[in-house]
Amino acid sequence: MAQLNDEDKLKLIKEAVKSYPDFPVAGVLFRDLFSVLQNPPLFALLKELLTKKAQEIAPAVQSVVGLDARGFLLGPLIALELQIPFVPIRKKGKLPGKVRSLKYALEYGEDTVEIQEGAIRPGERVLIVDDLLATGGTLNAACQLVEQVGGQVVRSMIVIELVGLKGRAKLPVEVTSLIQF
Ligand SMILES: O=P(O)(O)OC[C@H]1O[C@H](OP(=O)(O)OP(=O)(O)O)[C@H](O)[C@@H]1O
Ligand SMILES: Nc1ncnc2[nH]cnc12
């Protein structure tokens, strides 16, 4: 795969994302990144592209924040490669110690996400990573939470952007997506 350019690599990754109509509810076309992770050469390409992109869009970033749950599959790969801390944002009730919480609206209903106090130093330059951007509610809540504990969100990055849902319009920070549907 060494002779492929980045565009070719992204095309292969996009082709490997399996789509499931009407999951988890009728009317949703579910885009499943796990089908890429189940293919080691493609997973390696994804890791390479994410790390390269992170260095490009967020120079001097000091920590990577990943979102529960699928952001935990990607964020640590980047953080380890860049030798900076990985910090999780989890759904309510999963993180020990003192936490800061934020409730946010979903398409239907609401959810709460949390971060550990002290996980990010004041003024720290943060890159937020997740697998997918749909309505933008989750990523927007994550940006707010990082700012509330004193961090500075310099950029966010996701693998899959569902363009039709216009999630990026909801975000206070620029978002970079590798592939778009
Ligand atoms: O842009 P939004 O409309 O907020 O949707 C995007 C979020 O939805 C999915 O997570 P989900 O909440 O399904 O959790 P999971 O990763 O635990 O499956 C996805 O991994 C994003 O985090
Ligand atoms: N269509 C979708 N596919 C996968 N994950 C999602 N999270 C929110 N919408 C999604």
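Structural notes, computed from the coordinates. (Residues numbered from 1 in each chain as written. Chains lettered and ligands numbered in written order. Predicted model: local features only at pLDDT ≥ 70, side-chain atom pairs only at ≥ 80, totals over all residues. Heavy atoms only, no water.)

### Let's talk about the site of ligand 1
- Lys-91, Asp-130, Asp-131, Thr-135 and Thr-138 are the nearest of the 13 residues found near ligand 1.
- Ala-134 places a main-chain nitrogen or oxygen 2.9 Å from an oxygen atom of ligand 1.
- Burial of ligand 1 by the surrounding chains reaches 76%, relative to a free accessible area of 510 Å².
- Using a 2 Å cut-off from the grid points, one finds that ligand 1 occupies the largest pocket.
- Counting residues per element, the ones that place at least two in the shell around ligand 1 are β7 (125-133) and α5 (137-148).
- Counting residues per element, the shell around ligand 1 draws most heavily on β7, which supplies 4 residues.
- Across the shell around ligand 1, the residue classes tally to 4 nonpolar, 4 polar and 5 charged. (Near = heavy atom within 4 Å. Polar contact = N/O pair within 3.5 Å; in protein donor to acceptor, adjacent residues only side chain to side chain. Areas by Shrake-Rupley, 256 points an atom, 1.4 Å probe, with all protein chains shown as cover. 1 Å grid on protein atoms, 1.4 Å probe; cavity = no way out; pocket = protein on both sides within 12 Å on 5 of 7 lines; lining within 4 Å. Sits in = over half its atoms within 2 Å of the grid points. Helix = DSSP H or I, 4+ residues; strand = E, 2+ residues; numbered from the N terminus. Nonpolar A, V, L, I, M, F, W, Y, C, P; charged D, E, K, R; others polar.)

### Quick look at the side chain of Arg-155
- Summarising the element assignment, Arg-155 is placed in strand β8 (residues 152-161).
- There is a polar contact of 3.3 Å between the side chain of Arg-155 and the side chain of Glu-174.
- Engagement of the side chain of Arg-155 in a polar contact is seen with the side chain of Thr-176, the distance being 3.3 Å.
- Excluding its chain neighbours within four sequence positions, the residues that come into contact with Arg-155 are Ile-57, Ala-58, Val-126, Leu-127, Ile-128, Val-173, Glu-174 and Thr-176. (Contact = heavy atoms within 4.5 Å.)

### Topic: the packing of helix α3 (residues 40-57) against helix α4 (residues 75-82)
- Direction vectors running N to C along α3 and α4 enclose 60°, while the axes themselves pass 9 Å from each other. As summarised for this structure, α3 and α4 are arranged oblique, according to the angle between their axes. Judged by the sense of rotation from one axis to the other, the crossing of α3 with α4 is right-handed. Of the residues in α4, those touching α3 at Phe-43, Lys-47, Leu-50, Thr-51, Ala-54 and Gln-55 are Leu-77, Ile-78, Glu-81 and Leu-82. (Axes fitted to C-alpha atoms, helices over the stretch in contact; angles between N-to-C directions. Parallel < 35°, antiparallel > 145°, perpendicular 65-115°, else oblique. Left-handed = near helix turned anticlockwise from the far one by under 90°.)

### Considerations on the site of ligand 2
- By nearness alone, every residue bordering ligand 2 is listed as Val-28, Leu-29, Phe-30, Arg-31, Arg-70, Leu-132, Ala-134 and Leu-162.
- Here a nitrogen atom of ligand 2 sits 2.9 Å away from a polar atom, N or O, in the main chain of Arg-31.
- Contact distances for ligand 2 include 3.4 Å between a nitrogen atom and a side-chain N or O atom of Arg-70.
- Out of a free accessible area of 260 Å², ligand 2 has 76% covered by protein chains.
- A molecule is said to occupy a pocket when more than half its atoms come within 2 Å of that pocket's grid points, and by this definition ligand 2 occupies the largest pocket.
- A total of 3 residues in the shell around ligand 2 trace back to one element, the largest contributor, which is strand β2 (residues 29-32).
- Taken together, the residues of the shell around ligand 2 break down into 6 nonpolar, no polar and 2 charged.

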